[in-house]
Structure formats: structure tokens, C-alpha cells
Amino acid sequence: MKIQQHIFLIGFMGSGKSTVGKLLAERLHLPFIDSDKEIEKTAGKTINEIFSGEGEEAFRRLEMTFLTQLSSSKPSVVAVGGGFPMLEGALELMHESGLVIYLNTSLLTLIKRLKEEKQDRPLLRDLSDSEFHPFVEDLLSKRVHFYKQAKLIMPNERNSPNELVEKLVKELNKLID
Ligand code: S3P
């Protein structure tokens, strides 16, 4: 399979984009790029620091800059932050320069995973236990419509990351020829 475009992984926080993206990139012999990590490298700050220092708007601008610069780089597997597809023009740009895959994970699975990983996520870190579920449910419901505009929708629920990668490779083979 000759991949001549980017493969974008989109989905809510905790849907497995980075874990699966890394493995998929290895399997396809492509570079792996994580938008959050790239933005942190360029800014010289963590995502938490950017949110608390310059605010969410500034972070979203950095995400958009990252995406526009990416169009000219060689084909890669790109895991993008959960809020990325909602930026104006972002989905269009991703569709133009690559194939967009949505890792679709249920609300309950996301909540279970995210409760353990909320410290690195500025949108979640200050939520109390009782606020957590309604917040994630509400944000997910606002975003699903965007995520579903992906070319490929892959459930990521009970399978291991490696199993999912094999499924993705099969689907990619059908789509890219
Ligand atoms: C965000 C998701 C995070 C990160 C930032 C905002 C969001 O990325 O970009 O904390 O708005 O959903 P992950 O989806 O990789 O956790």
C-alpha cells in the first residue's frame, strides 16, 4: 500500500489517537506526528501552561497554524487534539491533505479513561467528580457531528490498540489503491 497523503486521527480526548497513531505509523512505515506535542515543542510550554497563560483562543490559533504548516510536509500519521475538528476550516483542510479517521469511543469508556488522565488536560483538570460526567457528555454531544464527518469511522472500545491497527490497515487497503 503506497500512502501519499496524511492520515489524520480525530476523536474525543481519551479515544486512543496517540496510542493507536504511533502503532499505525510504525505499521505503515510513516512518521508519527502528535499535534499537542508539536505545539508544546514550538511554544516551549505545556498545553496546560498555554491554556492558563494565554487562554484557549490562543491555543486554538496555534492548532490552526500547526495544521496549515503540515500541508507541505511528507505523508504522516497525525493524531490531532480533540478540539481540532471544530476549528473553522480545519476539517476541510484535513480532507484536502489527507484521509480522516474518527476513533469512536463511547461516553462511558471515555469517562473511565479520562478520570485517570485528567491532570494533563486543561478542560478537565479542575472538574469535581460530580461535574465530570455531565461536562464530558455535553462536550461530546456538541462534537460528535464534526467527528462523524470523517471518511472512516472506527469504533475503539474493547479491542487492543494492535487489533485496531490491523483493522485500520484492512480498511485503508480498501480505500487507498
Ligand atoms: C483538547 C484535547 C487535547 C488538547 C487540549 C484540548 C480538546 O488533546 O488538545 O487539552 O479540546 O478536546 P487530546 O484529544 O489529545 O487529549
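Here, the structure is the one placed above.
Not measured: the values here are computed from a predicted model. (Residues numbered from 1 in each chain as written. Predicted model: local features only at pLDDT ≥ 70, side-chain atom pairs only at ≥ 80, totals over all residues. Heavy atoms only, no water.)

1. Let's talk about the side chain of histidine 6
Then, in step 1: Residue placement: histidine 6 occurs in strand β1 (residues 6-10).
Then, in step 2: The class for histidine 6 is buried, based on a relative accessible area of 2%.
Then, in step 3: Within polar-contact distance, the side chain of histidine 6 engages the backbone oxygen of leucine 70 at 3.1 Å.
Then, in step 4: Residue contacts for histidine 6: discarding those within four places in its chain leaves Leu70, Ser71, Ser73, Lys74, Pro75, Ser76, Val78, Ser97, Gly98 and Leu99. (Helix = DSSP H or I, 4+ residues; strand = E, 2+ residues; numbered from the N terminus. Buried < 20%, exposed > 50% of the residue type's maximum accessible area, 1.4 Å probe, protein only. Polar contact = N/O pair within 3.5 Å; in protein donor to acceptor, adjacent residues only side chain to side chain. Contact = heavy atoms within 4.5 Å.)

2. Here we look at the packing of helix α6 (residues 107-116) against helix α7 (residues 129-147)
Two quantities define a packed helix pair, namely the angle between the axes and the distance from one axis to the other.
Then, in step 1: For the pair α6 and α7, the least separation of the axes is 10 Å and the interaxial angle reads 125°. One element, α6, and the other, α7, form an angle in the oblique class. Between α6 and α7 lies a crossing of right-handed hand. The segment α6 lies against α7, with Leu107, Leu108, Leu110, Ile111, Leu114 and Lys115 engaging Phe132, His133, Val136, Glu137 and Leu140. (Axes fitted to C-alpha atoms, helices over the stretch in contact; angles between N-to-C directions. Parallel < 35°, antiparallel > 145°, perpendicular 65-115°, else oblique. Left-handed = near helix turned anticlockwise from the far one by under 90°.)

3. Details of the sheet that holds strand β5 (residues 152-155)
Then, in step 1: Spatial ordering of the open sheet is given by β2-β3-β1-β4-β5, a layout of 5 strands whose pairing is parallel. The open sheet terminates on both sides in strands that have one partner only, identified here as β2 (32-34) and β5. Taken over all neighbouring pairs, the strand axes of this sheet differ in orientation by 25° on average, direction set aside. (Pairing = 2+ DSSP bridges.)

4. As for the side chain of asparagine 48
Then, in step 1: Relative to the assigned elements, asparagine 48 resides in helix α3 (residues 47-53).
Then, in step 2: What asparagine 48 contacts, discounting residues up to four positions off in sequence, is Gln119, Asp120, Arg121, Pro122 and Arg125.

5. Focus on the nonpolar core
Then, in step 1: Phe8, Ile10, Phe12, Leu67 and Met94 are the most contacted members of the largest nonpolar core, which totals 35 residues.
Then, in step 2: Every element with two or more residues in this core is listed here: β1, α3, α4 (56-70), α5 (90-97), β4 (98-104), α6 and α7.
Then, in step 3: At 5 residues, the largest contribution of residues to this core is made by α7.
Then, in step 4: Ignoring anything within four residues of it in the chain, the contact list for isoleucine 10 reads Lys17, Val80, Pro85, Met94, Val100, Ile101, Tyr102, Leu103, Tyr147 and Ala150. (Core = buried A, V, L, I, M, F, W, Y, C linked by side-chain atoms within 4.5 Å.)

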